[in-house]
Amino acid sequence: MANKAIFGIIGGLVLVAIIIGVSISGTYNSLVQLDQATQSQWAQVQNAYQRRADLIPNLVATVKGAANFEQGTMIAVTQARARVGQEAPASAGAASDPAAFKRYQQAEDGLSSAISRLLVVTENYPDLKATANFRDLQAQLEGTENRITVERQRFNDAAQSFNTKRQTFPTVLIAGFFGNTFAVKPYFQAQPGTEKAPEVKF
């Protein structure tokens, strides 16, 4: 009888260990899938940003042809693009590194602001606006900005799915066991000041 009881206890412990192992394995695998979905979406964000960066040299070259065009605006765009280029090597892992993510977003937001200023200044140059090359580049930039917005939103959705799963119990314990492998994903935020409505003056 004693042997049966011992075997029963051992069998019960083995069964519990198997159940726990299967649960941990399933949780780990679901975290891997969600993490990969986030990484894949981050690559799409980078792809959209790269498309914009590739358009800028053509835009700058086209605008340079306009007589007396504001050099300060041109320099600002070129410098902003260079800052993005400096952050690019670290951006590969930015989806899991909040500090790198923030630096990359700030660099890209700076480039967005510089491009916006450039396009506003071109309003003073009707001859430039009338050229087919400039109109084509402007349309491509607008389309690219729309792509960036969509990809950023999709990234935030993927990050939310991952973070929600990661923060639930007991997943949070299992994720913590693997250190930074399953770190909480950052989100894209609106640029400071965009919460205020623009002031219209007549």
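Our subject is the structure that appears above.
Residues numbered from 1 in each chain as written. Predicted model: local features only at pLDDT ≥ 70, side-chain atom pairs only at ≥ 80, totals over all residues. Heavy atoms only, no water.

1. Points about the overall build of the protein
Within the protein, the regular secondary structure consists of six helices and zero strands. Seen in sequence order, the protein has helices and strands lined up from the N terminus as α-α-α-α-α-α. Scaling as 2.2 N^0.38, a compact globule of 202 residues should have a C-alpha radius of gyration of about 17 Å, whereas the protein reaches 25 Å, well beyond that. Projecting the C-alpha coordinates of the protein onto the three principal axes gives extents of approximately 100 × 35 × 25 Å. With 202 residues in all, the protein has 34% of them scored as buried. (Helix = DSSP H or I, 4+ residues; strand = E, 2+ residues; numbered from the N terminus. Rg over C-alpha atoms; globule rule 2.2 N^0.38 Å. Buried < 20%, exposed > 50% of the residue type's maximum accessible area, 1.4 Å probe, protein only.)

2. Re the packing of helix α2 (residues 71–91) against helix α3 (residues 98–121)
Taken N-terminus to C-terminus, the directions of α2 and α3 make an angle of 160 degrees; their axes are 9 Å apart at the nearest point. One finds that α2 runs roughly antiparallel with respect to α3. Between α2 and α3 lies a crossing of left-handed hand. Across the interface between the two elements, T73, M74, A76, V77, A80, R81, R83, V84, E87, A90 and S91 of α2 pack against A100, R103, Y104, A107, E108, G110, L111, A114, I115, R117, L118 and V121 of α3. (Axes fitted to C-alpha atoms, helices over the stretch in contact; angles between N-to-C directions. Parallel < 35°, antiparallel > 145°, perpendicular 65-115°, else oblique. Left-handed = near helix turned anticlockwise from the far one by under 90°. Contact = heavy atoms within 4.5 Å.)

3. As for α2
Between its terminal C-alpha atoms α2 stretches 30 Å, which fits the 30 Å expected from 21 residues at 1.5 Å a residue. The complete set of buried residues in α2 reads T73, M74, V77, A80, V84, E87 and S91. (Expected span 1.5 Å × (residues − 1).)

4. Here we look at unusual backbone geometry
Among all residues except glycine, the phi angle is most often negative; among peptide bonds, the trans geometry is most common. In this chain, F169 is followed by P170 through a cis amide linkage whose omega measures 5 degrees. By the element assignment, P170 lies in the loop between α5 (132–167) and α6 (171–177).

5. Observations regarding the packing of aromatic side chains
Under the counting rule described, the total for this entry stands at twelve aromatic pairs. With a centroid separation of 5.4 Å and an interplanar angle of 40 degrees, the aromatic rings of W42 and F101 are classed as tilted. Linking W42 in helix α1 (residues 2–64) with F101 in helix α3, this pair joins segments that are 59 residues apart in sequence. For the pair W42 and F101, one class covers both residues: buried. Consider the rings of F177 and F178, whose centres lie 5.4 Å apart with planes at 85 degrees: the pair is edge-to-face. Given a relative accessible area of 29%, F178 falls into the partly exposed group. Three or more aromatic residues joined by ring pairs form one cluster here, namely W42, Y49, F101, Y104, F155 and F188. Above the plane of the ring of F162 lies K185, whose end atom (NZ or CZ) is 4.7 Å from the centre. (Phe/Tyr/Trp six-rings, centres within 6.5 Å; stacked < 30°, edge-to-face > 60°. Lys NZ or Arg CZ within 6 Å of the ring centre and 35° of its normal.)

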